[in-house]
Amino acid sequence: MYADPDRPLFSEIRRAWPGTLIANPALTREEVAADGGMRSGERLLAAGADLIALGRGFLANPDLVERPRTGAPLNEVRPEFLLYVQGAEGYTDYPALDASGIRAAAPAAAGPRGGRRPAAV
């Protein structure tokens with residue numbers, strides 16, 4: 001469930017659930033591009049969430065924490081991979097930044113049992 005701190009359901013869940021509450025903001029492309037979801041996450045924390053989940057943002061940007069901090073551009077989430085499609089493509093093939101803040105090559109795809117397999121040539 002996407003969390004919206006402006007809806008009564010969010011505060012009802014917070015009151016009823018004494019444990020750790022993980023909230024997942026529904027982010028637009030513009031919000032992801034602007035700050036990686038930081039503003040939305042901060043709103044949810046202020047409304048009572050304990051942790052924030054940023055699934056799609058992290059799939060497309062394995063270094064999502066660093067990008068807004070350094071002003072680096074964000075990778076777009078490819079819409080054809082919003083649901084699992086049986087493979088690494090769309091999940092582990094987005095490029096990360098290298099130490100200089102420039103996009104590095106995407107990592108080699110993981111094999112079927114988690115082992116590394118060479119990237120296609």
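Here the structure is a predicted model, which means the values were calculated and not measured. Within every chain, residues take consecutive numbers counted from 1 along the sequence as written. Local features in this predicted model are restricted to residues of pLDDT 70 or higher, and side-chain atom pairs are both shown and tallied only at a pLDDT of 80 or more, whereas totals for entire chains, interfaces and linings draw on every residue. Only hydrogens and water are set aside when side-chain values are computed; all heavy atoms of the structure are taken into account.

Observations regarding the overall build of the protein
Okay, so step 1: Elements are defined by DSSP. Helices are runs of H or I of four residues or more, strands are runs of E of two residues or more, and each kind is numbered from the N terminus. Within the protein one finds five helices and three strands.
Okay, so step 2: From first element to last, N terminus to C terminus, the protein shows the α and β order β-α-β-α-α-β-α-α.
Okay, so step 3: Buried means the residue's accessible area, taken with a 1.4 Å probe over protein chains only, is under 20% of the maximum for its type, while exposed means over 50%, and partly exposed covers the values in between. Of all 121 residues assigned to the protein, the portion counted as buried reaches 26%.
Okay, so step 4: Taking contacts inside the protein between residues at least 6 apart in sequence as the whole, the part at least 24 apart equals 42%.
Okay, so step 5: The Shrake-Rupley method, run with a 1.4 Å probe sphere, supplies the accessible areas, and residue values consider only the shown protein chains as cover. Here the protein displays about 8200 Å² of accessible surface, and carbon together with sulfur accounts for 59% of that area. The contact rule is simple, with two residues in contact once any of their heavy atoms fall within 4.5 Å.

A few points about the pattern of salt bridges
Okay, so step 1: Salt bridge, as applied in this entry: a Lys or Arg side-chain nitrogen positioned within 4 Å of an Asp or Glu carboxyl oxygen. Within the structure shown, the criterion is met by four salt bridges.
Okay, so step 2: The partner of D4 in a salt bridge is R7, with the nearest N and O atoms 3.6 Å apart.
Okay, so step 3: On the basis of relative accessible area, R7 is assigned to the exposed category, the value being 56%.
Okay, so step 4: Here R14 makes a salt bridge to D50, at a shortest N to O gap of 2.8 Å. With a gap of 36 residues between them, R14 in helix 1 (residues 8-16) and D50 in the loop between helix 3 (38-46) and strand 3 (51-52) connect regions that are remote in the sequence.
Okay, so step 5: For R14, a relative accessible area of 18% translates into the label buried.

Comments concerning helix 3
Since the α-helix turns once every 3.6 residues, residues separated by three or four places project in the same direction.
Okay, so step 1: What helix 3 keeps buried is the set S40, G41 and L44. End-on view of helix 3: buried residues confined to an arc of 100°, all on one side of the axis. Facing away from the buried side of helix 3, by more than 90 degrees, are the exposed residues R39 and A46.
Okay, so step 2: One or two residues past the end of helix 3 sits G48, with phi positive at roughly 120°. The arc in question is formed by the directions pointing from the helix axis toward the C-beta atoms.

A short note on the pairing of strand 2 (residues 22-25)
Okay, so step 1: Going residue by residue along strand 2, you find A23 and P25 tucked away on one face and I22 and N24 left uncovered on the opposite face.
Okay, so step 2: Bridge count between strand 1 (residues 2-3) and strand 2: two bridges; the pairing is parallel. Along strand 2, the bridge assignment pairs Y2 with N24.
Okay, so step 3: Seen with its strands pointing away from the viewer, a crossover is right-handed when the path leading from the first strand over the helix to the second is clockwise. What joins strand 1 to strand 2 is helix 1, and the crossover it makes is right-handed.
Okay, so step 4: Strands qualify as paired when DSSP identifies two bridges or more between them. Pairing of strand 2 with strand 3 involves two bridges; the strand directions are parallel.

Digging into the sheet that holds strand 2
Okay, so step 1: Taken together, three strands build an open sheet; the order of strands is 1-2-3 and the sheet is parallel. Among the strands making up the open sheet, the edge pair consists of strand 1 and strand 3.

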